[in-house]
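# Results of the structural survey
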Amino acid sequence: MTLSEWSTASAIRGAIARGEVSCAECARFFLDRINLLNPRLNAILTVTEERAIAAARALDERGAKGQPLPPLAGVPVVVKDNICTKGLRTTCGSRMLADWLAPYDATVVERLEAAGALVVGKANMDEFAMGSSGETSAFGPALNPWNVRMVPGGSSSGSAAAVSAGMAPLALGSDTGGSVKQPAAFCGLVGLRPTYGRVSRYGLVAFASSLDQVGPIARNVDDCALLFSAISGEDPKDSTCLKLPPEKEKLAPLEAKKLRVGLLREQAGDGPDPAVREGVLRAAALLEDGGASVREVSLPHASYALAAYYVIAPAECSANLARYDGVRYGLSPGRLQGAERAEASRSLGFGEEVKRRILAGTFVLSAGYRDDFYNKAVSVRRAIAGDFEKAFKEVDLLLGPATPGPAFPLGERSGDPMRMYLCDVFTIPPNLAGLPSLSLPCGFASGGLPVGAQLSGRTLGEPLLLQTAKFLEERLGVFERHPS
Amino acid sequence: MGEKLLGPERFEALSRLAKLPISKEEQERLLPQLDSILEYVSRLKALGVEAEAESGAGASALRPDEAEPGLEADAALLASPDSASGFFRVPKFVKGGRR
C-alpha cells in the first residue's frame, strides 16, 4: 500500500501490521502534509512533531524485535486543544492559556497512545469550546478545506478541518452543544457525540460539565468506530464515567428490516436548506428501501432546547471558568495584588464570546433570576429527555438534519451571537438528554459544500448509530468526494 | 419586544460579580448582545413545566477512598506565576477591598 492523504485509519494500520509501511514513515507523511497545508488552513495550533516521531520510532523498534504492535500503531490522530497533553501546549484556543503546558495527559490521550496512535497535532478551536464557527479562537480561525472563505464549524474547528484536509485520518473533538457534530457536518465528516459518561472527561478542560463529552471525528464510519472504541470505557479518574468496558471496534451489519426509524417532523420541514432536507429524506428513503420502517416523530419540547442550553451551558461555564484567577495558571499580568490580579487576568485573558457567556451565566444564577432561568431550563431539560424516552418506545433511532444549512462565510455571524447559536438548534436536544448522536454527510449544497444528517439513539446506543451510518455510507454515495 | 433585562447598572453589577471588568467599548457591544440572548432564553418562562431534580445521564460513581499517587506538587506549580517552598503564593484578597 502507498500512503495517501486519504488513507483511512483501517488501511494504515493494516499496512503497518503487514510491514508495508513503517510507523515513522507514516508519521513523516502526515506531518509533511500538515506542514504543507497548515499555514493556509490554520487547523493546527501546535504540530507535535517530536512526540509523534519518537513514538513512531519506539513502535518500529518493537516491531523490528518481533514484538506484537498495539491496535492503532502508527495511525496519526489530531487532538483538540482543550484535551491535555503532558508537556505540550494546551491552549483551549485562548489567550488565557496561550503558554500553558499541561502537566498530565488526558485519559483519552493516554489510551490512544497506549494503543499506538501518534498524536501529530493539537487542533485549533473556538475559545474554551464556545462557538460554532472556529472564529472565537484567539489564534485566528481555522478555514474550511472545502472552501477557504467558509468556516469549518465549531467549536472543534481545527479537528474537523484537519481530517477533512487529509492531515490525519482521525481527530478528537469535544461536544457540549454540538461541537463535534456540527463541524463534522460542515466539513463532510462523520462525528460522534457519545452517551454522557461513555468516554472519560479526565483531562478535558471543563466548559459545561453536565454536557461535555469527548468525541471522535473521521472521514468514514469504520474509522469513527475504531477511534470511539479506543477512547471509550470506564475511568476511575472521572466519577461521571460509566463503569463499562470499551465499545467493540468491529461493527455488526445493520439488520435494516428490524429497524424502526423516527423522522423528526419539525426538523425536516421547511426550515433547513433544501440540500439538508433532501439529504435527510434520501437517507430515510434508503433505510426504508432496506426494509426499515420509517415514521414521523415529534419532540414537543425540542423547540425550547436552544433556550435551555443557553441558560445551562453559560451557568456551568461561569462556575467552571471561575478557576482562572491568575494564581495557579493562566495569563498573569504581573504581580497585581488582591482581586485586581484575578480581574486583570480574566479581562485580558478571555475573548468576547467567553465574556458574554460568563456574564450570561452569572445573570441566570443570580438572586431573583435563578428560578425563572436556571431552574426552568433544568426542567425543560428533563422534559426534553422525557420526549426522547417516549419517542424511543416507538422507534429505535431518530433521523433529522445535523445543521440548518451548510458552512457559512467567515465573518457572517461573528457579530450576531444569537444567529450563531442557531447553528446548534438540532444538535443540542440529544445532548441535553445525555443521549448519543452522530452526524454523517448526506449530500452537497448548491455551492458544493457538504451537509449532514444527524442520528440520535438511546442511552449507549452508539453501535446502532454507527451501524446505521455505515449502511447509509454505502448507499448515499457522498463519502467518496474530498475537498480539492 | 418587552423590557430589557439588563441596563448598564445591572451589567456592571454582573461584571463585578464575575470578577470580569469590561471596558466601555466592549460594553457597548456586549450589552445589547446579552440583552438579545436573555430575551431569547426568556421564552422558557412561558413554558409550564415543573422543576425537577438535576438531570444528566447516569449517577456519579464513587471510587474507594484510598490515597493514590496524584499530580506532583512541582508539576502543579510549574504554570504558576508566583510560588514559594512548594506552595502557590496567593495575592491578598480579603482585607482592604478596593470598592
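Presented here is an overview of the structure given in this document. (Residues numbered from 1 in each chain as written. Chains lettered and ligands numbered in written order. Predicted model: local features only at pLDDT ≥ 70, side-chain atom pairs only at ≥ 80, totals over all residues. Heavy atoms only, no water.)

### What about the overall build of chain A?
Per the secondary structure count, chain A includes 15 helices and 11 strands. For chain A, whose C-alpha radius of gyration is 21 Å, the value lies close to the compact-globule estimate of 23 Å for 484 residues. Its C-alpha atoms give chain A principal-axis dimensions of about 65 × 60 × 45 Å. Burial statistics for chain A: of 484 residues in total, 67% are counted as buried. Total accessible area on chain A is roughly 15500 Å²; 52% of this is exposed by carbon and sulfur atoms. Averaging the coordinates of the 52 positive side-chain charges in chain A and doing the same for the 52 negative ones gives two points 2 Å apart. (Helix = DSSP H or I, 4+ residues; strand = E, 2+ residues; numbered from the N terminus. Rg over C-alpha atoms; globule rule 2.2 N^0.38 Å. Buried < 20%, exposed > 50% of the residue type's maximum accessible area, 1.4 Å probe, protein only. Areas by Shrake-Rupley, 256 points an atom, 1.4 Å probe, with all protein chains shown as cover. Lys, Arg positive; Asp, Glu negative; His and termini not counted. Charge placed at Lys NZ, Arg CZ, Asp CG, Glu CD.)

### Description of the overall build of chain B
Looking only at helices and strands, one finds 3 helices and 2 strands in chain B. Of the regular secondary structure in chain B, the N- to C-terminal order runs α-α-α-β-β. Split into buried and exposed, the 99 residues of chain B put 29% on the buried side. Carbon together with sulfur atoms contributes 53% to the accessible area of chain B, which is approximately 7100 Å² in total.

### Points about helix H9 (residues 305–320) of chain A
In this model, H9 of chain A (16 residues) spans 22 Å end to end at C-alpha, consistent with the 22 Å of a helix rising 1.5 Å per residue. Along H9 of chain A, 15 of the 16 residues are buried, which leaves the element largely enclosed by surrounding structure. (Expected span 1.5 Å × (residues − 1).)

### A few points about the environment of Thr8 of chain A
Residue and element names in this part refer to chain A. Checked against the element boundaries, Thr8 lands in the segment before helix H1 (9–17). Among the residues examined, Thr8 registers a relative accessible area of 24% and is labelled partly exposed. It is 25 Å that separates the C-alpha atoms of Thr8 and Cys84, two residues lying 76 residues apart in sequence. With residues up to four places along the chain from it excluded, the contact list for Thr8 reads Pro169, Asn220 and Asp223. (Contact = heavy atoms within 4.5 Å.)

### Brief notes about the interface of chain A and chain B
Between chain A and chain B, the contact holds 62 residues from the first and 55 residues from the second. Both faces considered, chain A and chain B share a buried interface measuring about 5300 Å² in area, 66% of it formed by carbon and sulfur atoms. Taken together, the connections running from chain A to chain B amount to 2 salt bridges. Between Glu26 of chain B and Lys355 of chain A there is a salt bridge, with its nearest N and O atoms 2.8 Å apart. On inspection of chain A and its partner chain B, the count reaches 11 residue pairs in polar contact (both at pLDDT 80 or more). Counting only elements with at least two residues in the side of chain A that touches chain B, the list comes to H9, helix H10 (339–349), helix H11 (352–364), helix H12 (371–394) and helix H13 (417–421) of chain A. At 11 residues, H12 of chain A tops the list of elements feeding residues into the side of chain A that touches chain B. (Buried area = accessible area lost by both parts, 1.4 Å probe. Salt bridge = Lys/Arg side-chain N within 4 Å of Asp/Glu carboxyl O. Polar contact = N/O pair within 3.5 Å; in protein donor to acceptor, adjacent residues only side chain to side chain.)

### Considering the sheet that holds strand S10 (residues 437–444) of chain A
Residues and elements named next belong to chain A. As summarised here, the arrangement of the 11 strands in space is S1-S3-S2-S4-S6-S5-S10-S11-S9-S7-S8, forming an open sheet in which the pairing is mixed. The open sheet has two free edges, formed respectively by strand S1 (44–47) and strand S8 (293–297), since each of these has just one partner strand. The mean angle between the axes of side-by-side strands here comes to 30 degrees, regardless of whether they run parallel or antiparallel. Running at roughly 140 degrees to S1, helix H2 (residues 23–41) makes contact with S1, strand S2 (76–80) and strand S3 (118–123) of the sheet. (Pairing = 2+ DSSP bridges. Axes fitted to C-alpha atoms, helices over the stretch in contact; angles between N-to-C directions.)

### Some words on the pattern of salt bridges
Residues and elements named next belong to chain A. All chains considered together, the criterion is met by 29 salt bridges over all chains. Across the pair Asp396 and Arg260 runs a salt bridge, and its minimum N-O distance is 3.0 Å. Taken as a pair, Asp396 in the loop between H12 and strand S9 (397–401) and Arg260 in strand S7 (residues 260–264) lie far apart in primary sequence, 136 residues in all. Note on Asp396: relative accessible area 12%, which makes it buried. With relative accessibility at 28%, the residue Arg260 sits in the partly exposed group. In this structure, the salt-bridge partner of Arg295 is Glu394, at a minimum N-O distance of 3.5 Å.

### So, the pairing of S9 of chain A
Walk down a regular strand and you will see the side chains alternate between the two sheet faces. Residue and element names in this part refer to chain A. Among the 5 residues of S9, 5 are classified as buried, and the element is accordingly described as predominantly covered. Sheet topology note: the S7/S9 ladder contains 3 bridges and is parallel. Looking at S9, one finds that Gly262 is bridged to Leu398. Looking at chain direction, S9 and strand S11 (residues 450–457) are connected through 5 bridges and run antiparallel. When the bridges of S11 are listed, Gly400 appears paired with Gln454.

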